[in-house]
Amino acid sequence: MHFNVASLLKESTGALREFDIDDDLRIEGETHRLRGHVRFDRTHDGVLVRARLHGDGAAECARCLKPIAYPIDLVIEEEYLPTVDVVTGAPVDAPEGEDDAYRIDKRHMIDLAEPIEQYWSMAVPMAPVCRDDCPGICPVCGQERAAEGHACTREQVDARWAKLQNLHLGS
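Residues numbered from 1 in each chain as written. Predicted model: local features only at pLDDT ≥ 70, side-chain atom pairs only at ≥ 80, totals over all residues. Heavy atoms only, no water.

### Structural notes on the sheet that holds strand 5 (residues 67-82)
How we decide: The rule for pairing is simple: two strands pair if DSSP sees at least two bridges between them. Think of it this way: any DSSP run of H or I at least four residues long counts as a helix, any run of E at least two long counts as a strand, and we number them from the N terminus. Fitting a line to C-alpha atoms yields each axis, with helices limited to the stretch in contact; the angle taken between N-to-C directions then spans 0 to 180 degrees. In what follows, residue pairs with any heavy atoms lying within 4.5 Å of each other are defined as contacts.
Strands sit in the order 2-3-4-5-6 across an open sheet of five strands; the sheet is mixed. Lying at the two open borders of the sheet, with one neighbouring strand each, are strand 2 (16-27) and strand 6 (102-104). Across this sheet, the average inter-strand angle for adjacent strands is 30 degrees, counted without regard to direction. The sheet contact formed by strand 4 (residues 47-60) and strand 5 spans 14 bridges and is antiparallel. Note that in strand 5 the partner of Gly57 across the bridge is Tyr70. The sheet strands contacting helix 2 (residues 113-123) are strand 2, strand 3 (30-42), strand 4, strand 5 and strand 6, and the helix crosses strand 5 at an angle near 135 degrees.

Next comes the structure, spelled out in structure tokens:
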């Protein structure tokens, strides 16, 4: 997702550009549709990018392993600094302490792919579930606990492990 900000860089601090987004983007090896709004504000040093984007993630339920989809909402706010002066074409060093800042390339393009991927990674749930009360899979038989006819109990033990019940540890 690239945006040319050459004309914005020629304007004074406070100038802005806004765009609506409805595009596919490759994130973590998969294509996702992103929708939302992005705003570019000219700052003293560069361009402040503010974006609110929405998409859908896909995974397996952490409890029952069924495929699920879940919403992803991203709120991005990052400042991009130029690598070359828009008027003279001379190289521009990053201000002290800003060596790891996002940079506007030499063609005055801002690429939002990297921050979107980073924010996406932080927004993905660690253990997504299909529903809050998902009972998961039975540890005894491996069937879904919510399935009709599931009658296992925790007291049932796999016959291969039955002899371990006779062991008494410690004392």
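Back to the write-up after that little detour.
### Structural notes on helix 2
What counts here: Partly exposed describes any residue whose relative accessible area lies between the buried limit of under 20% and the exposed limit of over 50%, with all areas from a 1.4 Å probe on protein chains only and scaled to the type maximum. Throughout, the arc means that of the directions going from the helix axis to the C-beta atoms.
Restricting attention to buried positions, one finds in helix 2 the residues Pro115, Ile116, Tyr119 and Trp120. Projected down its long axis, helix 2 carries its buried residues within an arc of 135 degrees, all on one side. Buried residues in helix 2 make contact with strand 2, strand 3, strand 4, strand 5, strand 6 and strand 7 (109-111).

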